Each structure stands twice: as C-alpha cells, then as structure tokens.
Amino acid sequence: MYKLLTPGPLTTTDTVKEEMLVDHCTWDDDYKSITQKIRKELLELAHVDESEYTAVLMQGSGTFGVESVVTSSVGKDDKILVCENGAYGARMAQLAKQAGKNVVVYHEEYSHVPDAKRVKEYLDADPSITHVGMIHSETTSGILNDIEAVGKVVKEAGKTFIVDGMSSFAGVDIDVKAIGIDFIISSANKCIQGVPGFSFIICKKSELMKCKGNCGSLSLDLYDQWETMQKDGKWRFTSPTHVVLAFAKAMEELKEEGGISARAKRYRENNQLLIRRMRALGIETYIDDAHQGPIITTFFTPKMDNFSFAEMYEYIKKRGYAIYPGKVTDADTFRIGNIGEIYKEDIEKVSDIIEEYFEKCCGGLVRQTA
Ligand SMILES: *Cc1c(COP(=O)(O)O)cnc(C)c1O
C-alpha cells in the first residue's frame, strides 16, 4: 500500500472508495437524481448559473472530455488556435488534427506561460480563427497558465474559449463566467478527489447549442450526450455507476472540507512546504515561483554521479509514497504531486524519506545551481 503523489488518479478517502461496494441500477430515478445533483453542484463550483450554463458528464478519462468538446464545438468551417506549452496542449492540438479540424498551434516554451499578447497577434493575423483552446494547469510541468489574461483577449475578439481545467478545477478557484470560458473540462479523478471513469464539461448553453450535428463521433457527441442527460439525468450509454457514486461522495466531502477555498489552501500549503523542503536539499524547481502552480511540481534531477530516478522511486515507494517521473522534454526532472487526500504530514514524511535516500544512497545532500 502506498499513497499517490501523482496528479490523478490520486489518493482518495476510504469513504469514497466504500461507495463503490454497491452495484447500482442505471435507469431508476434514484440513480438519475444522483447524476442531476452532480450536474447542478458542478455549476455551483464553477460560479455559474443554470440559466446560462449546463454541465455534461461524459464516459471515459479526461482526454475523452477534451476530445468531445473540440470535435463537437469546432465545425468544419471553423479553426481552432491551440496554445501549447506542454504535453496536454500538444494532445489537444493532436486530437483536433486527427478529427480533421482546422488547427493552428501557438507553441510556447514548456517553462513559459502562453502570452496573451501573442494570442492577440494570432487572432489579428488570422480572422478565420473561431476558437481558442488552452490548458490551465499544465500538468506536464506544473505551470499555472494565465486563463484570465488570455480569456480577455479571446472574448474581446468574440471567439469561443475552451479551457482544459483538468488538474485545476476545484483545486484552484475558477470564476468561469467572469473569465469568459465557454467550455471547461475536468475529470472525476482530479481535484474533486473521485476515482477515474468519467469527465465533465461546464458549457455555456449558447455555445453548446451550436454543437448540434458537428461531431464526427457518435459516442463523443457533446450535444447528444447533453440532450439525453438534460431530460431526466439518463446517460446515453452505460454509465460508470460505481465511479458516479464515489464522485457524489467526493463532492460531499469537498463541501465538508470547506469548499474550493479550503481545498485550494490545503493544496497550496502542501505545495509550498514541498518546495521549501526540496530546496533545503538543494533541489530546484523547473518552473519559477511566479508561475509555479499549486498542483504538481517538476524538480530538476540532482546532479550526482550515482543518482538514479528508478532507484529513488523504489526507495520512496517501499516507504509509502508513489512519485512521478518527469515529462518535460528539455531537462532531466522528476515530479511530485500534492493533490488528493494528502496533508502536511505526508509532505513532511516524503521529504524526510527523500532526504534519507540522499544521505544513505548518494552520500549526502545535493548542491546544485538550477
Ligand atoms: C489528467 C489530465 C488530462 C486527462 O488525461 P487522461 O489521461 O485522459 O486522464 C488532460 N489534461 C490535463 C492538464 C491533465 O492533467
């Protein structure tokens, strides 16, 4: 047994896991009302009103949700500008291209946030761009992108704004309406602290209505999924019942914790403590402090002759925690996530384990310049 210091799936509570011990029927009113309650409460978490927005649940992992939005919203005469500063931005561009959509990619360094000024230049230069897609918390590096600044530019230009809020939604407070987001996607196994199995999308209704008939895929059709679910809470195809029950419990527990502000504070404090402890060991962050997000942190691999990530990973895992390999392409790094059912004590403990590993296995503390 070990706790996950990874950015989803993440460590859930026993009470969330226990919800999955029941086999629930999908077509009865009980079950449909659970779906409806989840949809309603997701809107509250996004600070939006039912008169203007709606929530759709979609089977599959987070990528299925992003693919559903992009393939349903970007029509054949439309064009999407994807701001890419990590693997998830690249994935959004790839799935759009693979679906035959018109795509322009604004590539940014993985250690930099997409610049709103550059986005405006793209939009000014190419009026045929109708949609802008970007990632909020780019889990590849842990950077928190500026959706407010980019959203402002996108809205001024009158374009549709799609945000992958997968690893930030409910872990960072997002005022969806104020920012001007038309579609924001997240999934059950990220900051709401459920288990993997479905994604959810908060949609501006006026934009969702334009999706009708656009999607080349039957199962990922966002409009059709909404139309069926909107009637009485029925999912179009078999829904992940156990995951839905666990998610409903996770939503309750989020409320009990004190809502997004309390959870965001816990995550932020976990993150700051982790960075402090790693710096004391001489391990630096890949992202600078001004742009580091509170979800996951990329650390440079210590510059020691005998350092091995695989060995360190095993050492830490044996003592109760699973960390993450690096994903940025331009440096040797590893990642530690701090979301899920993770508290200060866990961060202190994993930091102690890492410190002990360096002392025992690498002959002392690391000194490096980032
Ligand atoms: C987790 C995540 C996704 C979804 O990835 P899946 O493997 O489909 O769950 C998408 N975007 C970001 C930023 C993520 O962190």
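Quick caveat, the model's predicted, so the values are computed rather than measured. (Residues numbered from 1 in each chain as written. Predicted model: local features only at pLDDT ≥ 70, side-chain atom pairs only at ≥ 80, totals over all residues. Heavy atoms only, no water.)

Q: In this structure, what is going on with the domain arrangement of the protein? I would like to understand it.
A: Much of the literature gives interface size as the accessible area that the parts lose upon coming together. In terms of domains, the protein is made up of domain 1 (15–256) and domain 2 (259–361). For domain 1 versus domain 2, the distance between C-alpha centres works out to 28 Å. Between domain 1 and domain 2, the buried area comes to about 2,000 Å², and carbon and sulfur atoms account for 59% of it. Remark: the boundary between domain 1 and domain 2 carries 10 residue pairs in polar contact (both at pLDDT 80 or more). Listing elements by their share of the side of domain 1 that touches domain 2, those giving two or more residues are helix H4 (87–98), strand S7 (143–144) and helix H10 (241–257). Looking at the side of domain 1 that touches domain 2 residue by residue, the classes come out as 12 nonpolar, 10 polar and four charged. (Domains from an automatic or database assignment. Buried area = accessible area lost by both parts, 1.4 Å probe. Polar contact = N/O pair within 3.5 Å; in protein donor to acceptor, adjacent residues only side chain to side chain. Helix = DSSP H or I, 4+ residues; strand = E, 2+ residues; numbered from the N terminus. Nonpolar A, V, L, I, M, F, W, Y, C, P; charged D, E, K, R; others polar.)

Q: Help me understand the UniProt feature "binding site: substrate" (unreviewed entry) in the protein, please; the structure alone is not making it clear to me.
A: As recorded in UniProt, the sites labelled "binding site: substrate" (unreviewed entry) are Arg335. Tracing the sequence through the fold places Arg335 in strand S14 (residues 333–337). Discounting residues that sit within four places of it in the chain, Arg335 has contacts with Thr139, Thr140, Ile296, Thr297, Thr298, Ile323, Tyr324, Pro325, Gly326 and Lys327. (UniProt positions renumbered as here; feature names shortened; annotations may be inferred. Contact = heavy atoms within 4.5 Å.)

Q: How should I be thinking about the sheet that holds strand S13 (residues 324–325) in this particular structure?
A: Within a beta sheet, neighbouring strands are joined by backbone hydrogen bonds and run either parallel or antiparallel to one another. Pairing within the open sheet is antiparallel, and its three strands lie in the order S11-S14-S13. The sheet is open, and its two edges are formed by strand S11 (296–300) and S13, each paired on a single side. Relative to S14, S13 is paired through two bridges, and the arrangement is antiparallel. Each residue of the ladder has a partner; that of Pro325, found in S14, is Phe334. Running at roughly 10° to S11, helix H11 (residues 259–280) makes contact with S11 and S14 of the sheet. (Pairing = 2+ DSSP bridges. Axes fitted to C-alpha atoms, helices over the stretch in contact; angles between N-to-C directions.)

Q: Quick question: what am I supposed to make of the side chain of Asn145 here?
A: Note on placement: Asn145 falls in the loop between S7 and helix H6 (147–156). Residue contacts for Asn145: discarding those within four places in its chain leaves Asn85, Val113, Pro114, Met134, Ile135, His136 and Glu138.

Q: Can you help me understand the UniProt feature "modified residue: N6-(pyridoxal phosphate)lysine" (unreviewed entry) in the protein in this one?
A: Feature annotation in UniProt places "modified residue: N6-(pyridoxal phosphate)lysine" (unreviewed entry) on Lys190, given in this structure's numbering. With relative accessibility at 10%, the residue Lys190 sits in the buried group. (Buried < 20%, exposed > 50% of the residue type's maximum accessible area, 1.4 Å probe, protein only.)

Q: Quick question: what am I supposed to make of the side chain of Thr139 here?
A: Within the secondary structure, Thr139 sits in the loop between strand S6 (137–138) and S7. Under the relative-accessibility criterion, Thr139 is labelled buried at 4%. In contact with Thr139, other than residues within four places in its own chain, are Pro7, Tyr88, Ser167, Ile296 and Arg335.

Q: Just checking my understanding: could you explain the environment of Asp78 for this structure?
A: Relative to the helices and strands, Asp78 is located in the loop between helix H3 (62–73) and strand S3 (79–84). Asp78 sits 23 residues away from Lys101 along the chain, and the two C-alpha atoms are 7.7 Å apart. Excluding residues that lie within four positions of it along the chain, Asp78 makes contacts with Ser73, Asn102, Thr130 and His131. Only 2.7 Å separates the side chain of Asp78 from the backbone nitrogen of Gly75, close enough to count as a polar contact.

Q: Sorry, what's going on with the sheet that holds strand S5 (residues 131–135) here?
A: Here seven strands make up an open sheet; going across it, the order is S2-S10-S9-S8-S5-S3-S4 and the pairing mixed. Of all the strands in the sheet, just strand S2 (53–59) and strand S4 (102–107) have a single pairing partner and so form its edges. Averaged over all pairs of adjacent strands, the angle between their axes in this sheet comes to 20°, without regard to strand direction. Direction of pairing for strand S8 (residues 160–164) relative to strand S9 (residues 183–187): parallel, over a ladder of three bridges. Looking at the pairing, Asp164 lines up with Ile185 of S9. On top of the sheet, H4 reaches S3, S4, S5 and S8; it is set at about 160° to S3, its chief contact.

Q: What should I look at first to understand the nonpolar core in this one?
A: Across soluble globular proteins, nonpolar side chains show a tendency to be buried alongside one another. Judged by nonpolar contacts, the single largest core of 57 residues is most densely connected at Leu42, Phe161, Phe169, Ile192 and Ile202. Top contributing element to this core by residue count: H10, with seven residues. Residue-level mapping places this core at the junction of two domains, with at least three residues from each of domain 1 (15–256) and domain 2 (259–361). Other than its neighbours up to four places away in sequence, Phe169 contacts Leu42, Leu45, Ala46, Ile174, Ile184, Ser186, Cys191, Ile192, Phe200 and Ile202. (Core = buried A, V, L, I, M, F, W, Y, C linked by side-chain atoms within 4.5 Å.)

Q: Could you clarify how one ought to interpret the pairing of S8 in this entry?
A: The two faces of the sheet receive side chains in turn, since in a regular strand these alternate between them. With five of five residues buried, S8 lies mostly within the body of the structure. Here S8 shows two buried faces, one formed by Thr160, Ile162 and Asp164 and the other by Phe161 and Val163. The pairing of S5 with S8 spans five bridges and is classified as parallel. Bridging from a neighbouring strand, Met134 pairs with Val163 of S8.

Q: Looking at this structure, how should I read the site of the ligand?
A: In the region of the ligand, the neighbouring residues are Ser61, Gly62, Thr63, Tyr88, Arg91, Ile135, Ser137, Thr139, Asp164, Met166, Ser167 and Lys190. Between the ligand and Ser61, the relevant distance is 2.5 Å, taken from an oxygen atom to a side-chain nitrogen or oxygen of the residue. At a separation of 2.7 Å, a nitrogen atom of the ligand approaches a polar side-chain atom of Asp164. Protein chains bury 86% of the 380 Å² of accessible surface belonging to the ligand in isolation. (Near = heavy atom within 4 Å. Areas by Shrake-Rupley, 256 points an atom, 1.4 Å probe, with all protein chains shown as cover.)

Q: What is the right way to read the packing of helix H12 (residues 309–318) against helix H13 (residues 344–361) from this model?
A: Working note: a packed helix pair is described by the angle between its axes plus the distance between those axes. Remark: H12 packs on H13, axes separated minimally by 10 Å, with the N-to-C direction vectors making an angle of 130°. Viewed along their axes, H12 and H13 adopt a mutual orientation that is oblique. Of the two elements, H12 crosses H13, and the hand of that crossing is right-handed. The segment H12 lies against H13, with Glu311, Met312, Tyr315 and Ile316 engaging Val350, Ile353, Ile354, Glu356, Tyr357, Phe358, Lys360 and Cys361. The class makeup of the residues in the contact of H12 with H13 is nine nonpolar, no polar and three charged. (Parallel < 35°, antiparallel > 145°, perpendicular 65-115°, else oblique. Left-handed = near helix turned anticlockwise from the far one by under 90°.)

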